[in-house]
Amino acid sequence: MQSQSSTSCPSLEGRHILLGITGSIAAYKSAVLCRLLKKAGAEVQVVMTPLAKQFITPLTMATLSKNPILVEFFDPENGAWNSHVSLGEWADCMLIAPATANTLGKMCAGMADNLLLTSYLSARCPVVVAPAMDLDMYRHYTTQRNLDDLRQHGVHVVEPEDGELASGLVGKGRMAEPEEIAAYVGHLLCEKKKTLSGKHFMVTAGATIEPIDPVRFISNHSSGKMGYAIAGELAQRGARVTLVSGRTALPCPEGVQRVDVLSAEEMYTAAVAAFREADGAVMCAAVADYTPTTVAEHKLKKGDGEMTIPLKRTRDIAAALGSEKGHRLMVGFALETDNERVNATEKLHKKNFDFVVLNSLRDAGAGFRGDTNKVTFIDCQAREELPLMPKTEVAQKIVDKIESIIK
Ligand code: PMT
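Peer 1: Can you lay out the sheet that holds strand β20 (residues 383–385) for me, pointing to particular residues and giving the numbers?
Peer 2: Pairing in this open sheet of 8 strands is mixed, and the strands run β12-β11-β8-β13-β16-β17-β19-β20 from one edge to the other. The strands lining the two open edges of the sheet, one partner per strand, are β12 (256–260) and β20. Strand-to-strand, the axes of this sheet are offset by a mean angle of 15°, without reference to chain direction. Judged from the 4 bridges that link them, strand β8 (residues 200–205) and strand β13 (residues 280–283) form a sheet pairing that is parallel. Bridged to Met202 within β13 is Ala281. Along the sheet, helix α9 (residues 225–236) contacts β8, β11 (240–245), β12, β13 and β16 (329–336); its crossing angle with β11, the most-contacted strand, is approximately 165°. The sheet contacts of helix α10 (residues 264–276) involve β8, β11, β12, β13 and β16, and relative to β8 the element is tilted by about 165°.

Structure follows, in structure tokens:
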């Protein structure tokens, strides 16, 4: 699933969204959310709990959704039955925003005392909740336990934000912004076209670790996020992906085969083996350029004076693969701190890359660890500078460019 920070909503043309609104002051944001879903092309049916009507009028929601609002099981005037079963079948996604602590608790307990809850119990589609409540209610162990329980049963949770709450208190509990929620639903429902099926890519990611002794090592700040996002994007588009990964705390993206390595030498061996069968490679790992000449068998003892650790060069994996890539595609990265374009262009030629993704530590939000990156694509003909964006979106742009080259 995409990161929560991506706020552009893909097309929801023809998709059916059952928008559940519960009794929270954040219900005023549901109006904007409904508009965004409609604007993205979705058909929206709103179901409200009786209490939600105190916070936002059915007239407002009916006008925006262009559908009558559903609250009761049946219309007392004419006995018309609102079937939760057909609502559950109709929906491509049930989105409950805002979701109060009360409704979350009832969802976990399997309670069915209003139309929204019966629809939830009947829903066959993905369910997304956007909690909204006061900070103490949110951090209460019962709320957290309920959210964990829902997550474990496949319910998607769009985390609330930290900030000023209606009570005047400040903390986590404010419903996520409608743009973020709509984007979450959009990404959840957008089935990627399998444009890369039949292709096999090798991706390197994360940091290598060069041991000094049994206790210490030389490494860098790479979290693996950028490389993992690329591996995930390639897999979503149908490619077979071998991810040669240095140490990270990230889960393996769905559909990706991961090979875990530690040192630059281990990464070299795994990457060379994977590249033999691959149609292309993306070299995103931050690989140590030097490693200690010897690894001490025992923990090095401190002395009074300075210490010097002799280092030797590691093998350049990208250069080695680049020298025998033939017609295969190779994408490289360049992480720079100065003279960025000149250094990146040098790497493009030296390592025989088709294009280089330049990121500079001089740009705020770019490079290591964060969820965003700011990159420039450099190939033999041109340069394309992209704005700061989530790493998941940078990954999409990189894979778009890969597709445009190999098609
Ligand atoms: O993992 P994150 O926290 O998300 O951070 C992402 C990142 C900053 C690590 C990533 O965007 C990035 O820039 N990766 C490449 C980092 C790097 O080592 O760049 P470099 O300029 O030193 O190396 C140039 C290229 O050669 C890279 O494709 C690198 O993978 C490759 N290389 C370098 C040395 C070596 N021995 N073998 C290699 O294959």
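Peer 1: Please set out the sheet that holds strand β3 (residues 93–99) residue by residue, giving values where relevant.
Peer 2: Strand order in the open sheet formed by 5 strands is β2-β1-β3-β4-β5, with parallel pairing between adjacent strands. Every interior strand has two partners, whereas the edge strands, β2 (43–48) and β5 (156–157), have only one. Where strand β1 (residues 16–21) meets β2, 6 bridges bridge the pair, whose relative direction is parallel. Bridged to Gly20 within β2 is Val47. Where helix α2 (residues 58–65) meets the sheet, it contacts β1 and β2, and its direction lies at approximately 165° from that of β2.

Peer 1: Which residues make up the side chain of Asn82, and what values do they have?
Peer 2: Mapped onto the elements of the fold, Asn82 is located in the loop between α2 and α3 (84–90). A distance of 2.8 Å separates a polar atom in the side chain of Asn82 from the backbone oxygen of Glu72. Among all residues touching Asn82, those that are not within four sequence positions of it are Leu70, Glu72, Phe73, Phe74 and Leu115.

Peer 1: Tell me about the site of the ligand, and please be specific about residues and values.
Peer 2: Close to the ligand lie 29 residues; Ser222, Ser223, Met283, Lys347 and Asn359 are nearest. Residue Met226 places a main-chain N or O atom 2.9 Å away from an oxygen atom belonging to the ligand. Contacts to the ligand include Ile317, whose backbone N or O atom sits 3.1 Å from a nitrogen atom. Isolated, the ligand exposes 770 Å² of accessible area, and the fraction of that covered by the protein chains is 96%. At the level of elements, α9, α11 (317–323) and β16 are the ones that each hand at least two residues to the shell around the ligand. Broken down by element, the residue count for the shell around the ligand peaks at 4 residues, all from β16.

Peer 1: Outline the pattern of salt bridges, listing residues and values.
Peer 2: All chains considered together, the criterion is met by 23 salt bridges. Salt-bridge contacts for Asp354 lead to Lys325; the nearest nitrogen and oxygen are separated by 2.6 Å. Note that Asp354 is positioned in the loop between α12 (340–350) and β17 (355–360) and Lys325 in the loop between α11 and β16, a separation of 29 residues in sequence. With a relative accessible area of 25%, Asp354 lands in the partly exposed category. On the basis of relative accessibility, which here comes to 8%, the residue Lys325 falls in the buried class. In this structure, Glu385 and Lys374 form a salt bridge, with 3.3 Å as the shortest nitrogen-oxygen distance. Of this pair, Glu385 sits in strand β20 while Lys374 sits in the loop between β18 (372–373) and β19 (375–378), placing them 11 residues apart in sequence. Taken together, the salt bridges that share partners define one network made up of Asp148, Arg151, Glu159 and Lys172.

About the criteria used
- For every chain, the first residue of the written sequence is number 1, and numbering continues from 1 along that sequence.
- For this predicted model, a pLDDT threshold of at least 70 governs which residues receive local features, and a threshold of 80 or more governs which side-chain atom pairs are given and counted, while totals over whole chains, interfaces and linings are taken from all residues.
- Think of the side-chain values as coming from all heavy atoms in the structure, minus any hydrogens and water.
- Whether two strands pair depends on DSSP finding at least two bridges between them.
- Each helix is a run of H or I in the DSSP string that is no shorter than four residues. Each strand is a run of E no shorter than two, and both are numbered from the N terminus.
- Axis angles are defined between N-to-C directions and span 0 to 180 degrees, where every axis is a line fitted to C-alpha atoms and, for a helix, only to the segment in contact.
- Between two residues, a contact is recorded if the distance between any of their heavy atoms is within 4.5 Å.
- N or O atoms closer than or at 3.5 Å make up a polar contact, with two conditions inside protein: a donor-capable atom paired with an acceptor-capable one, and, for residues adjacent in sequence, both atoms drawn from side chains.
- Here a residue is considered near a molecule or strand provided that any single heavy atom belonging to it is located within 4 Å of it.
- Methods summary: accessible areas were calculated by the Shrake-Rupley approach with a probe of 1.4 Å, and residue burial reflects only the protein chains presented.
- Salt bridges are defined by distance alone: a side-chain nitrogen of Lys or Arg within 4 Å of a carboxyl oxygen of Asp or Glu.
- Note on exposure labels: buried denotes an accessible area under 20% of the residue type's maximum, exposed denotes more than 50%, and partly exposed covers the range between, all computed with a 1.4 Å probe on protein chains only.

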